[in-house]
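What follows is each chain in one-letter form.
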Amino acid sequence: MKSMIVLCLSFLTLQAYEYHLKPVELAKDVYCFFGAPENISKENGGNMVNTCFVKTKEGFVVIDSGPTFGYAQQAYAQMQEIAKLPVKFVITTHDHDDHWLGNNFYKSKGALLMGPKTYEQNVIPGMSTRMEESVGKETYAGTEVVKLDSVVEQKYDFTLGDTVFEIKQLVDQAHTKGDLVVYLPQKKVLFAGDLVFNDRLSSLRDGSIIGSLKALDLIDSFQADVIVGGHGYATDANATQPFKRYLVEMKKQILEALEEDVGIDEITKRVVMPEYKDMNLYDVLHRRNVFDAYTELEMYDEDEE
């Protein structure tokens, strides 16, 4: 009987999705796993997101736990190769599920979960997720939706070991209505979540083009040496620039179209921005981005800023 149980467990282990996670050290004791700059799929197991962790004397702090329980479990194993330390805190940058579905794994390890008010408002234990539908039951196995232990309202600072963590909501609405950044002032490292994209386009479906541009300016004002976005490989001080250029040009073209009374039914034909056609997910996201930005900019008054 015992041998049968071992055999079954071995079979389940073999069936688990292997993420092949390799941490990249971006600054001393600061590491990230980089997902592919593409959409969620069964083939990538949801590994299209960047997640990070910081080693301190007292334990690890994780920034975004990733798309599944299995992902978080494999990330934790990589952390333990670096140091046999507990994960003390997990910070969720916003409420899109590719960023936080590993939370229940870390909760089982005793970590405290922190995140924005939109997580508390929109994430309900037991709810179904787009990740489950996209990656399948086997890859999603063990993943459960759990509540936060602490909600960050605008700003929260704490120190673990000798490392200072500053969590802030920069604007009311940008990628979502609850985006948090995490800044390490001693290391000049900033984790921007989905306020920063590169190597692929972002989506404005839950956000604001005006708020996104304000947030990007504020991120640049930190003058961080390392800026980690939620998606994409660029992490230098200029990591904000590809997404900022895209939004600035889109805003300019839409405002010009509005001046010429171009209607909403014609705007996606007018604002094509062909220089971005080779960007990953252009075909999936660009038209909707233009539509959403047009809807917002119709009511935009620059004098009110």
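Residues numbered from 1 in each chain as written. Predicted model: local features only at pLDDT ≥ 70, side-chain atom pairs only at ≥ 80, totals over all residues. Heavy atoms only, no water.

Asker: Please clarify how helix α2 (residues 69-82) should be interpreted in this entry.
Answerer: Residue pairs three or four apart in sequence face the same way in an α-helix, which turns once every 3.6 residues. Along its 14 residues, α2 runs 20 Å from first to last C-alpha, staying within 8% of the 20 Å computed at 1.5 Å per residue. Where α2 is concerned, the buried positions are Phe69, Gly70, Tyr71, Ala72, Gln74, Ala75, Tyr76, Met79 and Gln80. On its buried side, α2 packs onto β2 (30-33), β3 (51-55), β4 (60-63), β5 (87-91) and α3 (103-108). (Helix = DSSP H or I, 4+ residues; strand = E, 2+ residues; numbered from the N terminus. Expected span 1.5 Å × (residues − 1). Buried < 20%, exposed > 50% of the residue type's maximum accessible area, 1.4 Å probe, protein only. Contact = heavy atoms within 4.5 Å.)

Asker: Hey, could you run me through the nonpolar core in this one?
Answerer: As a rule of thumb, nonpolar side chains are buried together in soluble globular proteins. The biggest cluster of nonpolar side chains holds 40 residues, and the ones touching the most others in it are Leu190, Ile209, Met250 and Ile254. Elements with a contribution of two residues or more to this core: β10 (181-184), β11 (189-197), α7 (209-221), α8 (241-259) and α10 (282-297). Here methionine 250 is in contact with Leu204, Ile209, Val271, Met273, His286, Asn289, Val290 and Ala293, once residues within four sequence places are set aside. One finds Val49, Phe60, Trp100 and Ala111 within the second-largest nonpolar core, a separate group that totals 34 residues. (Core = buried A, V, L, I, M, F, W, Y, C linked by side-chain atoms within 4.5 Å.)

Asker: What is the right way to look at the state of the cysteines in this model?
Answerer: A disulfide bridge is the covalent bond that connects two cysteines by way of their sulfur atoms. Within the structure shown, the criterion is met by one disulfide. Paired through a disulfide, cysteine 32 and cysteine 52 show a sulfur-sulfur distance of 2.1 Å. Taking the sign of the S-S torsion, 100 degrees for the link of cysteine 32 and cysteine 52, the bridge is right-handed. Taken together, the positions of cysteine 32 in strand β2 and cysteine 52 in strand β3 put the pair 20 residues apart, joining distant regions of the chain. The two residues cysteine 32 and cysteine 52 agree in class, both being buried. (Disulfide = S-S within 2.5 Å.)

Asker: What is the right way to read unusual backbone geometry from this model?
Answerer: Residues apart from glycine generally show negative phi values, whereas peptide bonds are mostly found in trans. Here the phi dihedral of aspartate 64 falls at roughly 70 degrees; this positive angle occurs in a residue that is not glycine. Counting through the fold element by element, aspartate 64 comes out in the loop between β4 and α2. In this structure aspartate 64 comes out as buried when scored by relative accessible area, which is 3%. Positive phi is not limited to glycine here, since glutamine 223 has a value of about 55 degrees. Structurally, glutamine 223 is set in the loop between α7 and β12 (226-231). On the accessibility criterion, glutamine 223 (60% relative accessible area) is exposed.

Asker: Got a minute to help me understand empty space enclosed by the protein in this structure?
Answerer: Here the structure, examined in full by the defined rule, presents three cavities of 30 Å³ or more. The computed volume of the largest cavity comes to approximately 60 Å³. Broken down by secondary-structure element, the contributors of at least two residues to the lining of the largest cavity are β3, β11 and β12. Across the lining of the largest cavity, the residue classes tally to four nonpolar, six polar and one charged. (1 Å grid on protein atoms, 1.4 Å probe; cavity = no way out; pocket = protein on both sides within 12 Å on 5 of 7 lines; lining within 4 Å. Points joined across faces, edges and corners; volume = space filled by probe spheres on them. Nonpolar A, V, L, I, M, F, W, Y, C, P; charged D, E, K, R; others polar.)

Asker: I keep staring at the packing of α8 against α10 and nothing clicks. Help me out?
Answerer: For any two helices packed against each other, the geometry is given by the interaxial angle and the distance between the axes. Their axes nearest at 10 Å, the elements α8 and α10 cross at an angle of 60 degrees. Between α8 and α10, the angle falls in the class oblique. Every pair of crossing elements has a handedness; the one defined by α8 and α10 is right-handed. Here Tyr246, Met250, Lys251, Ile254, Leu255 and Leu258 of α8 come into contact with α10, specifically with His286, Asn289, Val290, Ala293, Tyr294 and Leu297. Partitioned by chemical class, the residues of the contact of α8 with α10 number nine nonpolar, two polar and one charged. (Axes fitted to C-alpha atoms, helices over the stretch in contact; angles between N-to-C directions. Parallel < 35°, antiparallel > 145°, perpendicular 65-115°, else oblique. Left-handed = near helix turned anticlockwise from the far one by under 90°.)

Asker: Hey, could you run me through the packing of aromatic side chains in this one?
Answerer: Two numbers describe a pair of aromatic rings. These are the distance of the centres and the angle of the planes. On inspection of all chains with the given rule, the structure shows 16 aromatic pairs. Ring centres of phenylalanine 69 and phenylalanine 105 lie 5.3 Å apart, and the angle between their planes is 85 degrees; on these two criteria the pair is classed as edge-to-face. Of this pair, phenylalanine 69 sits in helix α2 while phenylalanine 105 sits in helix α3, placing them 36 residues apart in sequence. Across the pair, phenylalanine 105 and phenylalanine 69 agree in class, each one buried. Geometrically, the ring pair formed by phenylalanine 197 and phenylalanine 243 is tilted, given 6.1 Å between the ring centres and 50 degrees between the ring planes. Taken together, the residues span a long stretch of sequence, with phenylalanine 197 in strand β11 and phenylalanine 243 in helix α8 at a distance of 46 residues. Taken as a pair, phenylalanine 197 and phenylalanine 243 share a single burial class, namely buried. (Phe/Tyr/Trp six-rings, centres within 6.5 Å; stacked < 30°, edge-to-face > 60°.)

Asker: When you look at the side chain of asparagine 104 in this model, what are you seeing that I'm missing?
Answerer: Within the fold, asparagine 104 resides in helix α3. Not counting chain neighbours up to four residues away, the residues in contact with asparagine 104 comprise Phe69, Gly142, Thr143, Glu144 and Val146.

Asker: How should I be thinking about the pairing of strand β6 (residues 112-116) in this particular structure?
Answerer: Regular strands have side chains that alternate between both faces of the sheet. Of all five residues that make up β6, four are buried, and the element is covered over most of its length. Bridge count for β5 against β6 is three bridges, and the pairing is parallel. The residue bridging isoleucine 91 from the neighbouring strand is methionine 114, located in β6. Handedness of the crossover joining β5 and β6 through α3: right-handed. (Pairing = 2+ DSSP bridges. Right-handed = clockwise from strand over helix to strand, strands pointing away.)

Asker: How should the sheet that holds β3 be read in this particular structure?
Answerer: Within a sheet, each strand pairs with its neighbour through backbone hydrogen bonds, oriented either parallel or antiparallel. If you walk across this open sheet you meet the seven strands as β1-β2-β3-β4-β5-β6-β7, and the pairing is mixed. Only two strands of the sheet have a single neighbouring strand rather than two, namely β1 (24-27) and β7 (150-152). With direction set aside, neighbouring strand axes in the sheet form an average angle of 25 degrees. In the sheet, β6 pairs with β7 via three bridges, with the strands oriented parallel.

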